[in-house]
Each structure stands twice: as C-alpha cells, then as structure tokens.
Amino acid sequence: MNAHERIVRLLKRIGKEKVKRALERPVTADTPKFIQIVHRTKPRDIWYFRAVPETAWNPTLPQIMARIAFGRAAKKAKGVKFKIDEGKYAYDMPPAAIAVKALKGRKFGRTYKKKKWEELLEKWIEYGYI
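Residues numbered from 1 in each chain as written. Predicted model: local features only at pLDDT ≥ 70, side-chain atom pairs only at ≥ 80, totals over all residues. Heavy atoms only, no water.

**Comments concerning the overall build of the chain**
Put simply, the rule reads: Here a helix means four or more residues in a row that DSSP labels H or I, a strand means two or more in a row labelled E, and each is numbered from the N terminus. In this scheme, a residue with accessible area under 20% of its type's maximum is buried, one over 50% is exposed, and one in between is partly exposed, where area comes from a 1.4 Å probe on protein chains only. Calculation of accessible area relied on Shrake-Rupley with a 1.4 Å probe; when residues are assessed, cover is drawn exclusively from the protein chains displayed.
Looking only at helices and strands, the chain features six helices and four strands. The secondary structure elements of the chain, listed N-terminal to C-terminal, are α-α-β-β-α-α-β-β-α-α. Split into buried and exposed, the 130 residues of the chain put 14% on the buried side. Total accessible area on the chain stands at roughly 11500 Å², and carbon and sulfur atoms take up 57% of it.

Now the structure itself:
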C-alpha cells in the first residue's frame, strides 16, 4: 500500500465532519501568535501590524542553509584588521560585511510546497484526531 492509498483510507475513516471541525478550531494559548510592526518606505511611508511569518519559528531548509552560510562568512572575517592607522581604513566596509556581500545572489535551494493532503494530515495530528 502506497502513501496515497493510506491517506485516502484515512480520509474515509475520519469523515468530513471531523475535518470541518478541525479546520474551524480556534487558535489557543498553546499556539501563540505574535505581531510585528512593519515600517515600509516605498512607494510611500507607512506603518502597519502583521502576524509574524511561520518561517520565523520554523524556517525552511533553504533558509537554514542561508543563515548558516551567512554566519560562516561573517565568522571568517573575525580578527581581520579594519583600521590601518588613525583615519585610514583598509576596506570601504567592515570585513564581515565584505564577506557577507560576496554571498549576494547565491541560491540555497527551492522551498518545497506541501500538498493539500499533507497540510491536512499535519493539522489532524496537531489536533489529536490521529
């Protein structure tokens, strides 16, 4: 039996009514939602509130890889002299910024978008139906 057949059997067993209740279930204190204040300057200056993106708490694999790469690039600059003499600088920017700027445009992979049945299965497991 493949994964698709298992999911179809699972859907038949749970029934549509339980699925509807699971999707309409309110957010509780167990699943906190935080708010960000966003300041956008283009095309006009505006401030607004929004929910913190899900990837702030559960980053995707490419985001994790990018964060690690930026950290390693910045760490390589540790101990590099920025100032030569008084008023004279060895670089236009701090050495860590130069190392990080070298990563500009680098791709770390594509985010995998989950299928609808995978999202539903995760919700059911989270709500305790499975």
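**Considering the side chain of glutamate 118**
The following threshold applies: Lys and Arg are tallied as positive, Asp and Glu as negative. Neither His nor the chain termini are counted. For salt bridges, the criterion is a side-chain nitrogen of Lys or Arg within 4 Å of an Asp or Glu carboxyl oxygen. We call two N or O atoms a polar contact when they sit within 3.5 Å, provided that within protein one can donate a hydrogen and the other can accept it, with sequence-adjacent residues counted only if both atoms are side-chain atoms.
Here glutamate 118 shows up in helix α6 (residues 116-127). Summary of buried charges: glutamate 118 has no salt-bridge partner, and the nearest side chain of opposite charge, lysine 115, is 6.0 Å away. There is a polar contact of 2.9 Å between the side chain of glutamate 118 and the backbone nitrogen of lysine 115.

**Some remarks on the confidence of the model for the chain**
Applicable threshold: Within a predicted model, pLDDT stands for the predictor's per-residue confidence, ranging from 0 to 100.
When pLDDT is averaged along the chain, the result is 77; 71% of the residues meet or exceed 70. Per-element mean pLDDT across the chain ranges from 58 in helix α2 (residues 16-24) up to 89 in helix α4 (residues 61-76).

**What about the pairing of strand β1 (residues 35-40)?**
Inclusion rule: Pairs of strands are assigned from DSSP output, requiring at least two bridges between the strands.
Here β1 pairs with strand β2 (residues 46-51) via six bridges, running antiparallel. Considered in β2, the bridge of isoleucine 37 is made with phenylalanine 49.

**Notes on the pairing of β2**
Counting buried positions along β2 yields zero of six residues, so the element is predominantly exposed. The hairpin formed by β1 and β2 contains five residues between the paired strands.

**A look at a nonpolar patch on the surface**
What counts is decided by this rule: The residues that make up patches have over 30% relative accessible area and no salt bridge, and they are joined within 9 Å when like-charged or within 5 Å when they are Val, Leu, Ile, Met, Phe, Trp or Tyr.
Together, Ile35, Ile37, Trp47 and Phe49 give the surface a local cluster of nonpolar side chains, amounting to about 550 Å² of exposed area. Mapped onto the nonpolar patch, the elements with two or more residues apiece are β1 and β2. Inspection of the secondary structure puts phenylalanine 49 in strand β2.

**Section: the nonpolar core**
Rule in force here: Put simply, buried Ala, Val, Leu, Ile, Met, Phe, Trp, Tyr and Cys residues joined by side-chain atoms within 4.5 Å make one nonpolar core. Pairs of residues are marked as contacts when any of their non-hydrogen atoms sit within 4.5 Å.
Core analysis: the largest hydrophobic core is formed by five residues, namely Ala66, Ala69, Ala73, Leu103 and Phe108. Among all residues touching phenylalanine 108, those that are not within four sequence positions of it are Pro62, Met65, Ala66 and Ala69.

**Examining α6**
Operational definition: Given the number of residues in a helix, its expected span is that number minus one, multiplied by 1.5 Å. In this context, the arc is that of the directions from the helix axis out to the C-beta atoms.
Between its first and last C-alpha, α6 extends 17 Å over 12 residues, near the 16 Å set by a 1.5 Å rise per residue. If you check which residues of α6 are buried, you get Glu118, Leu120 and Trp124. Seen along its axis, α6 keeps its buried residues to an arc of 160 degrees; they face one direction. Looking one or two places after α6, you find glycine 128, whose phi comes out positive at around 85 degrees.

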